[in-house]
Amino acid sequence: MTNWLEIDLGAIVNNYHELEQMAERPVMAVVKANAYGHGLETVAQALSEAGAAWLAVARFEEASKLRKAWIETDTLVLGYTDPQWAIPAAVDHIRLTVFDRETASTYSQLVSQRGMTLKVHVKVETGMNRIGVPADEAGAFIAWLHELPGIEVEGLFTHFACADDPQPGENDPTRRQIALFEGALSEVEKAGLRPAWVHASNSAGILNYPQARYDLVRAGIALYGLHPSPQTQLPVAFRPALAWKCRLSAVKHVPAGAGISYNHRYITQAEESIGTIPVGYADGFRRRLGNHVLVRGKIAPVVGTICMDQCMLQLDQIPQAQAGDEVVLIGEQNGIRRSAEDLAAEWGTINYEVTCAAAARLPRFYINSSSI
Ligand SMILES: *Cc1c(COP(=O)(O)O)cnc(C)c1O
């Protein structure tokens, strides 16, 4: 093995149970984007076996992959679905999100012609300004949907924009979102049309807004043991599931004044020990200067431009390093940890982007910490 991910399904299942206990509700496990890089089918299978009532994905194609892997757990597509998938969705009992009349009536025509029923969840716009029917139109929209042949309204939901960053007082954007959602929900209830599943909270919402848990909660980042944000950290019982490792492919002594990698953006100051690892930007390792990795339990700087499939390390502080040594990009080595959050901070981004960027070509090895 040269460059691989180790994914602890035991940690994911542990985190799932922690969330279930905290929320006292069913947890919709969000496995979009290849389960945040952790591997769609394997993670979804483990969560289904652990009792997850619901799965959620961003796109129809992801839901379809679950069904092809014989994972039959109720699944919601959170984003827009082209009407070409309405019939396959009805066949596979995949729930679609609806938020406009034109698309909903196209779905209705397609499935009702075949005598089928499509279950849908209505997305309400409360402050993300991404997709959703305006909160004050949700009641009328659901009443209208109820008259459409072949459509069954099973859910009503919204999504928080700022739940990871609570503000004091009534100007808190999430509290405003909750108030708008409550308004929409009471309109729907007054009409006697409350769907079976009302939901709003993402991971940060579960932690910061217990009043917004409704019938189920939707958790992504917390399932993987990653903090929703620096301000909203997970309790200690959560465990990160993903480690990213590789092996040193070469170590050499390079004379002073030598240029390292493309465009010679690093020049050796003296004779330096330079290592090579088989990790590049095509694996999801950001092409920027200033990355770090662990070698023999010590932090080693990445030097020079990151290539597509390889990059170089400065190993002067780690003279024992030799080809074949394990290198850790995310995970623990000799008691030292590099987290997805550390990498995200170096990259000026969020942990979500770090693990989602882990390329499909990386081999994923699954372990189960509860059974070792
Ligand atoms: C991605 C997503 C989630 C999960 O968010 P986390 O912050 O990862 O918990 C929940 N709901 C919707 C609509 C999403 O798009």
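Shown above is the structure to which this text applies.
Residues numbered from 1 in each chain as written. Predicted model: local features only at pLDDT ≥ 70, side-chain atom pairs only at ≥ 80, totals over all residues. Heavy atoms only, no water.

Engineer: An account of the overall build of the protein chain is needed here, citing residue identities and associated values.
Structural biologist: What the protein chain contains, in helices and strands, is eleven helices and 21 strands. The dimensions of the protein chain, computed from C-alpha atoms along their principal axes, are 80 × 50 × 45 Å. Summing over all exposed atoms, the protein chain offers an accessible surface of approximately 15900 Å²; the carbon and sulfur share of this is 51%. When the 32 basic and 41 acidic side-chain charges of the protein chain are each reduced to a single mean position, those positions are 4 Å apart. (Helix = DSSP H or I, 4+ residues; strand = E, 2+ residues; numbered from the N terminus. Areas by Shrake-Rupley, 256 points an atom, 1.4 Å probe, with all protein chains shown as cover. Lys, Arg positive; Asp, Glu negative; His and termini not counted. Charge placed at Lys NZ, Arg CZ, Asp CG, Glu CD.)

Engineer: Residues and numbers for the site of the ligand, please.
Structural biologist: Taken together, 13 residues lie around the ligand, and Lys32, Tyr36, Ser203, Ile221 and Tyr352 are the ones closest in. At a separation of 2.8 Å, a nitrogen atom of the ligand approaches a polar side-chain atom of arginine 218. Within the complex, the protein chains bury 94% of what would otherwise be the 390 Å² of accessible surface of the ligand. Of all the elements in the fold, those that place two or more residues in the shell around the ligand are helix 2 (32–36) and strand 10 (217–219). Here the residues of the shell around the ligand sort into six nonpolar, four polar and three charged. (Near = heavy atom within 4 Å. Polar contact = N/O pair within 3.5 Å; in protein donor to acceptor, adjacent residues only side chain to side chain. Nonpolar A, V, L, I, M, F, W, Y, C, P; charged D, E, K, R; others polar.)

Engineer: Account for the nonpolar core, naming residues and giving values.
Structural biologist: Of all hydrophobic cores here, the largest spans 110 residues; its most connected members are Val31, Phe285, Val293 and Val295. The greatest single-element share of this core, amounting to six residues, is contributed by helix 1 (residues 9–23). Apart from residues no more than four positions distant in its own chain, phenylalanine 285 is found in contact with Trp244, Val279, Gly280, Asn291, Val293, Val302, Ile306, Cys311, Leu329, Leu343 and Trp347. Judged by nonpolar contacts, the second largest core, of six residues, contains Val254, Ile274, Val303 and Met312. (Core = buried A, V, L, I, M, F, W, Y, C linked by side-chain atoms within 4.5 Å. Buried < 20%, exposed > 50% of the residue type's maximum accessible area, 1.4 Å probe, protein only. Contact = heavy atoms within 4.5 Å.)

Engineer: Requested: an account of the packing of aromatic side chains, with residues and values cited.
Structural biologist: Think of a pair of aromatic rings as described by two things: how far the centres are apart, and how the planes are tilted against each other in angle. Per the stated rule, a full pass over the model turns up nine aromatic pairs. On the basis of an interplanar angle of 50° and a centroid distance of 6.4 Å, the ring pair of phenylalanine 160 and tyrosine 209 is categorised as tilted. One end of the pair, phenylalanine 160, is in the loop between strand 8 (151–157) and helix 8 (173–190); the other, tyrosine 209, is in the loop between helix 9 (203–208) and strand 10, and 49 residues separate them in sequence. For the residue pair phenylalanine 160 and tyrosine 209, the accessibility class agrees, reading buried in each case. Among the aromatic residues, ring-to-ring pairing joins Tyr36, Tyr224 and Tyr352 into one connected group. (Phe/Tyr/Trp six-rings, centres within 6.5 Å; stacked < 30°, edge-to-face > 60°.)

Engineer: Talk me through the side chain of histidine 159; I want residue IDs and the actual numbers.
Structural biologist: Note that histidine 159 resides in the loop between strand 8 and helix 8. At a separation of 3.2 Å, a polar atom in the side chain of histidine 159 contacts the side chain of arginine 218. Setting aside residues no more than four positions away along its own chain, histidine 159 makes contact with Lys123, Thr126, Met128, Arg130, Gln177, Ala200, Asn202 and Arg218.

Engineer: Which residues make up the pattern of salt bridges, and what values do they have?
Structural biologist: This structure, assessed with the given rule, holds twelve salt bridges. Here lysine 245 makes a salt bridge to glutamate 6, at a shortest N to O gap of 3.0 Å. Linking lysine 245 in strand 11 (residues 242–247) with glutamate 6 in strand 1 (residues 3–8), this pair joins segments that are 239 residues apart in sequence. With its nearest N and O atoms 3.3 Å apart, the salt bridge here joins arginine 95 to aspartate 74. Remark: aspartate 74 occurs in strand 4 (residues 74–77) and arginine 95 occurs in strand 5 (residues 94–98); sequence separation between them is 21 residues. (Salt bridge = Lys/Arg side-chain N within 4 Å of Asp/Glu carboxyl O.)

Engineer: For the environment of valine 295, give the residues involved together with the corresponding values.
Structural biologist: Within the fold, valine 295 resides in strand 16 (residues 292–295). Under the relative-accessibility criterion, valine 295 is labelled buried at 0%. In this structure the C-alpha to C-alpha distance between valine 295 and leucine 329, which are 34 residues apart in sequence, comes to 9.3 Å. When sequence neighbours within four positions are dropped, the list of residues in contact with valine 295 reads Leu248, Ala300, Leu313, Leu315, Ile318, Ala321, Asp325, Glu326, Val327 and Gln333.

Engineer: Let's hear about helix 10 (residues 340–347): which residues, and what values?
Structural biologist: Within the sequence span of helix 10, burial applies to Ala340, Leu343, Ala344, Glu346 and Trp347. Along the axis of helix 10, the buried positions cluster into a sector of 160°, meaning they face one direction only. Considering only its buried residues, helix 10 is in contact with strand 16, strand 19 (326–333), strand 20 (336–338) and helix 11 (351–356). (Arc of directions from axis to C-beta.)

Engineer: Quick one: what's the story with helix 7 (residues 138–146), residue by residue and with numbers?
Structural biologist: An α-helix turns once per 3.6 residues; consequently, residues spaced three or four apart project the same way. Along helix 7, the residues classified as buried are Ala138, Gly139, Phe141, Ile142 and Leu145. The arc that holds the buried residues of helix 7, viewed along the axis, is 165°, so those residues lie on one side. Where the residues of helix 7 are buried, they touch strand 5, helix 6 (101–113), strand 6 (118–125), strand 7 (133–134), strand 8 and helix 8.

Engineer: Quick one: what's the story with the pairing of strand 5, residue by residue and with numbers?
Structural biologist: Note on strand geometry: in a regular strand, side chains alternate between the two faces of the sheet. Counting buried positions along strand 5 yields five of five residues, so the element is predominantly enclosed. Burial of strand 5 is two-sided: the residues Ile94, Leu96 and Val98 facing one way and the residues Arg95 and Thr97 facing the other way are all buried. Sheet topology places strand 4 next to strand 5; three bridges connect them, and they run parallel. Note on strand 5: the bridge partner recorded for leucine 76 is arginine 95. Crossover strand 4 to strand 5 through helix 5 (residues 86–91) is right-handed. The sheet contact formed by strand 5 and strand 6 spans three bridges and is parallel. Within strand 6, the position partnered with leucine 96 by the bridge is valine 120. With respect to chirality, the unit in which strand 5 leads through helix 6 into the neighbouring parallel strand 6 is right-handed. (Pairing = 2+ DSSP bridges. Right-handed = clockwise from strand over helix to strand, strands pointing away.)

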